[in-house]
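The residues making up each chain are set out below.
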Amino acid sequence: MDSALDGIVVADERGTIRSFNLAAQRLFGYSEAEALGQPIGLLMPEPHRSQHPRYIKRYLETGDRRIIGVGRELEARRRDGELVPIYLVVNEFDSPAGRCFAAVLHDASAEVEARELRDRLVRAERLGAMAEMTAAVAHEMNQPLSALAVYAQVAQELVEAGSTGPKLVSALENIIQQTRRAGLAVERVRRLFQGVELSFETADVNTLVSEMVELARTDAFPQGVMIEFSPGADLPTLRCDPVQIQQVLRNLFCNAIEAMAEIECRNGRTIRVATWADGGTVHVAVQDGGKGIDAQTADDIFEPFQSSKKDSLGIGLAISRTIVLNHGGSLQGENVVDNDGQTIGANFAFTLPA
C-alpha cells in the first residue's frame, strides 16, 4: 500500500480510519499516527463531513450503493483546510476485524487544471471567432451600406425636385442592387466561418473581372482614379464560386483606390488590372500607384486585424486569402519599383486552377 502512487484509506463499518498509506499522508498532510482512529469525515468538506455517519448507516441498513464500486470526482479536505479535487473509488471487503471499506483517492488537481485551461482556451477561441466574425461582417457591410446611403440620397433629391424620369429609376435599381449585395455579403461571411461548401459553377474570369471593374469605377472616379483592364485572350473557364471571387476583386480594388488616395496619386492615377493564363492556371493582377506595402507589416498583411491604414479593420486581405485558398489558388502581394529602385505602388495577384 505504501508503494502505491494514489492515496489508499481503509475505514471500518463505523467510519473509523484503520489504514492510511504514504500517498494519503502526502495528499492530506496528516501523518499516519494522526489519521488512525479518526472518523473518515476528517478528510471531507462540509456538509459531507457531518453527514457521513448517516451515509454509512443508510448503506448498512439498505445495501443501496451510492458510491461503493462507483468512481466519481469530488473534493476532499486537506489538513490546512484547502480543498483538493480527487477521483475517488470505494470498494468493500471483509477482514478478520469485520466489514471494511477501501478508498482509493487520486489527486485530480492536474487534470482539473488542464480541463479548466482547455475550457478557457475554447472560450477564448469562441470569443476570438466572434470578434473576427463581427469585424468581417462590419467590413463586408460597410461598402454596400455606404452605396445605399448615396443612392437613397440621390433618389430623395430627385423626388423632392419632382423628377420621376430615368435617373430616379436608375437610383432605385441601384438601391435594390446594393441591398442584395449586403445580403450576399452576410451570407459569404457566414459560409467562410461555418465552413459551408462553396457554390461552384462554371464562370468566365474576364466577365467576373469586368463586372467588378465597372462597379469599382464608381468609387474610383470621385478620387480622380482611373481603372484600366487588360483582359487576357483565350482564357480557360473556371469552376469557382463567382460571388466570392468577385468579393476578392472588390477588396483588392478598394485597397488600391484607398492606397492611391492616401498619397494623392503622386505615382499616377491609374489602377491596372490584367488577366492571363499559364498552363492550367488563371492569373489575375491588380496594380496600384500607392505607397506600397510597409516593410514592417509585409509578413502580416494577410493576417486578420493587421493593417497600416487608419480606421481599417485589417480583415479584407485575410478574407480574400481564405477565399482563394478554398478555391485551390494562392494570393500574393509585392511592391512595384521603378528603375531607380523606388517603390511606386503595390501589385496583388491571385491564381486559380482552371
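Each remark here, short or long, concerns the structure printed above.
Residues numbered from 1 in each chain as written. Predicted model: local features only at pLDDT ≥ 70, side-chain atom pairs only at ≥ 80, totals over all residues. Heavy atoms only, no water.

Caption draft 1: Local environment of the packing of helix α6 (residues 205-220) against helix α7 (residues 242-262). At a minimum axis separation of 10 Å, α6 and α7 run at an interaxial angle of 35°. Read as a crossing pair, α6 and α7 show a hand that is right-handed. On α7, the residues touching L208, V209, E211, M212, V213, L215, A216, D219 and A220 of α6 are P242, I245, Q246, L249, R250, F253 and I257. (Axes fitted to C-alpha atoms, helices over the stretch in contact; angles between N-to-C directions. Helix = DSSP H or I, 4+ residues; strand = E, 2+ residues; numbered from the N terminus. Left-handed = near helix turned anticlockwise from the far one by under 90°. Contact = heavy atoms within 4.5 Å.)

Caption draft 2: Main features of α7. Over its 21 residues, α7 runs 30 Å from end to end, which matches the ideal 30 Å to within 8%, given 1.5 Å per residue. Across the 21 residues of α7, 16 count as buried, placing the element largely inside the fold. Residue E264 follows α7 closely and has a positive phi angle near 55°. (Expected span 1.5 Å × (residues − 1). Buried < 20%, exposed > 50% of the residue type's maximum accessible area, 1.4 Å probe, protein only.)

Caption draft 3: Structural context of empty space enclosed by the protein. Scanning the model with the defined rule gives 1 cavity of 30 Å³ or more in all. Approximately 40 Å³ is the volume found for the largest cavity. Along its surface, the largest cavity is lined by L252, N255, A256, V286, D288, L317 and F348. The element best represented in the lining of the largest cavity is α7, accounting for 3 residues. Tallied by class, residues from the lining of the largest cavity come to 5 nonpolar, 1 polar and 1 charged. (1 Å grid on protein atoms, 1.4 Å probe; cavity = no way out; pocket = protein on both sides within 12 Å on 5 of 7 lines; lining within 4 Å. Points joined across faces, edges and corners; volume = space filled by probe spheres on them. Nonpolar A, V, L, I, M, F, W, Y, C, P; charged D, E, K, R; others polar.)

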